[in-house]
There are 2 protein chains.
Amino acid sequence: MTTTRPLEVALAYHHAWTAGDLDAAFSLVAPDVTCDAPAGRLGGADALRAFMEPFARTLTHTELLAAFGDDASAVLVYDTASRAVPSAPASELYEVAAGRIVAVRIIFDRLPFALVRGEVSRTPS
Amino acid sequence: MTTTRPLEVALAYHHAWTAGDLDAAFSLVAPDVTCDAPAGRLGGADALRAFMEPFARTLTHTELLAAFGDDASAVLVYDTASRAVPSAPASELYEVAAGRIVAVRIIFDRLPFALVRGEVSRTPS
């Protein structure tokens, strides 16, 4: 069954990528999607997939905390556990048109990931 | 007019604190509110206010990006500009009972704040 309702599209995308099925997830994403992520704007589905796929591969658990939508947009709030960070909640705000995600804003805390990856270190106090 | 609808309570809280009126904001927060923030759990309205008030004082701009609610909860997504960080989007998920916020989960990226405050530094690559 094909749906074009933004919340259903967002949930289908979310369930697919969190289950590791990036092909199914990105069948719901417009090729020219824009993504505002904490590090800046990612342009296009390939860039978004390159951002999401490595994280999806390390996911050990995910829990949907809230899901809302209207005629043009949807919001999901969810928690994740991954090998790197045991709890990393995130919120994604989607714009959906004709059954495809055309814009997404991803909000999460980069700090624990940056520490684990050694990109930053705590300053001695 | 008094409202008990979660989305209206959340919006009233948001508009109050972003306008710097912490007293009005916290009149909508239950004394024993629990807040899950990126750094961990804050217990009680006093702890939440101590967390929010310094940030509210430095706000220079805020923009509401999305607002949804149902009978028990609400989600806001918003961007902020502050003296420390020019763009810091956040998402807040509220549980509301009897017109008061009884739980809130705040999601935002701590990394730019931690860098500006000198709490962490970039690792030379």
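Here the structure is a predicted model, which means the values were calculated and not measured.

Procedures and definitions
Residues numbered from 1 in each chain as written. Chains lettered and ligands numbered in written order. Predicted model: local features only at pLDDT ≥ 70, side-chain atom pairs only at ≥ 80, totals over all residues. Heavy atoms only, no water. Helix = DSSP H or I, 4+ residues; strand = E, 2+ residues; numbered from the N terminus. Expected span 1.5 Å × (residues − 1). Buried < 20%, exposed > 50% of the residue type's maximum accessible area, 1.4 Å probe, protein only. Phe/Tyr/Trp six-rings, centres within 6.5 Å; stacked < 30°, edge-to-face > 60°. Contact = heavy atoms within 4.5 Å. Buried area = accessible area lost by both parts, 1.4 Å probe. Salt bridge = Lys/Arg side-chain N within 4 Å of Asp/Glu carboxyl O. Polar contact = N/O pair within 3.5 Å; in protein donor to acceptor, adjacent residues only side chain to side chain. Pairing = 2+ DSSP bridges. pLDDT = per-residue confidence, 0-100. Least-squares fit on C-alpha atoms with pLDDT ≥ 70 in both.

Let's talk about helix H1 (residues 6–18) of chain A
All names here are of chain A. Between its terminal C-alpha atoms H1 stretches 18 Å, which fits the 18 Å expected from 13 residues at 1.5 Å a residue. Taken together, the buried positions of H1 are occupied by Pro 6, Leu 7, Val 9, Ala 10, Tyr 13, His 14, Ala 16, Trp 17 and Thr 18. Of the residues one or two after H1, Gly 20 is the one with positive phi, at around 85°.

Overview of the packing of aromatic side chains
Residue and element names in this part refer to chain B. For the coordinates displayed, the defined rule picks out 15 aromatic pairs over all chains. On the numbers, 6.0 Å between centres and 70° between planes, the contact of Trp 17 with Tyr 78 is edge-to-face. With Trp 17 in helix H1 (residues 6–18) and Tyr 78 in strand E4 (residues 73–82), the pair connects residues that are 61 residues apart, well separated along the chain. Given a relative accessible area of 0%, Trp 17 falls into the buried group. Residue classification places Tyr 78 among the buried positions, given a relative accessible area of 2%. Taking the centre distance of 6.4 Å and the plane angle of 40° together, the rings of Phe 51 and Phe 108 count as tilted. Separated by 57 residues along the polypeptide, Phe 51 in helix H3 (residues 45–58) and Phe 108 in strand E6 (residues 100–108) bring together distant segments of the chain.

As for the interface of chain A and chain B
In many analyses, interface size is given as the accessible surface area lost on bringing the parts together. At the junction of the two partners, chain A supplies 28 residues and chain B supplies 28 residues. Summed over both partners, the interface of chain A with chain B comes to about 2300 Å²; 65% of that surface belongs to carbon and sulfur atoms. When the area that chain A buries against chain B is broken down by residue, the three leading residues are A:Phe68, A:Ile107 and A:Leu111, summing to 26%. At the boundary of chain A with chain B, the tally comes to two salt bridges. The closest approach of N and O atoms between A:Arg110 and B:Asp109, which form a salt bridge, is 2.6 Å. Here chain A and chain B share ten residue pairs in polar contact (both at pLDDT 80 or more) between them.

Overview of the pattern of salt bridges
Residues and elements named next belong to chain A. Summed over all chains, the structure comprises twelve salt bridges over all chains. Across the pair Arg 41 and Asp 36 runs a salt bridge, and its minimum N-O distance is 3.0 Å. The partner of Arg 49 in a salt bridge is Glu 53, and the shortest N-O contact between them spans 3.0 Å. Here Glu 53 and Arg 49 lie together in helix H3 (residues 45–58), a separation of four residues that amounts to about one turn. Beyond isolated ion pairs, a larger network of salt bridges with shared partners links Asp 23, Arg 49, Glu 53 and Arg 57.

Comments concerning the pairing of strand E5 (residues 90–97) of chain A
Residue and element names in this part refer to chain A. Counted residue by residue, E5 has six buried out of eight residues, so it is predominantly covered. Both strand E4 (residues 73–82) and E5 contribute to a ladder of six bridges, which runs antiparallel. Paired with Leu 76 across the two strands is Glu 92, which belongs to E5. Bridging between E5 and strand E6 (residues 100–108) involves eight bridges; their strand directions are antiparallel. Along E6, the bridge assignment pairs Glu 92 with Ile 106. In sequence, E5 turns back onto E6 through a hairpin of two residues, with Ala 98 there showing a positive phi of about 50°.

Re the environment of B:Glu63
All names here are of chain B. Relative to the assigned elements, Glu 63 resides in strand E3 (residues 59–69). Spatially, the C-alpha atom of Glu 63 lies 5.2 Å from that of Asp 79, the residues being 16 residues apart in sequence. Apart from residues no more than four positions distant in its own chain, Glu 63 is found in contact with Val 77, Tyr 78 and Asp 79.

With respect to the confidence of the model for chain A
Per-residue confidence for chain A averages 95 on the pLDDT scale, and 98% of its residues sit at or above 70. Model confidence for the complex is summarised by a pTM of 0.95, with the ipTM given as 0.95.

With respect to the relation of the copies chain A and chain B
When chain A is fitted to chain B, the best match, at an RMSD of 0.0 Å, comes from turning it 180° and sliding it 0.0 Å along the axis. Given the turn and translation reported, the copies of this chain are related as if by a two-fold rotation axis. For chain A, the minimum C-alpha distance to the rotation axis belongs to A:Asp109 and amounts to 1.9 Å. A shared binding surface is used by both copies, with 100% of the interface residues of chain A retained as interface residues in chain B.

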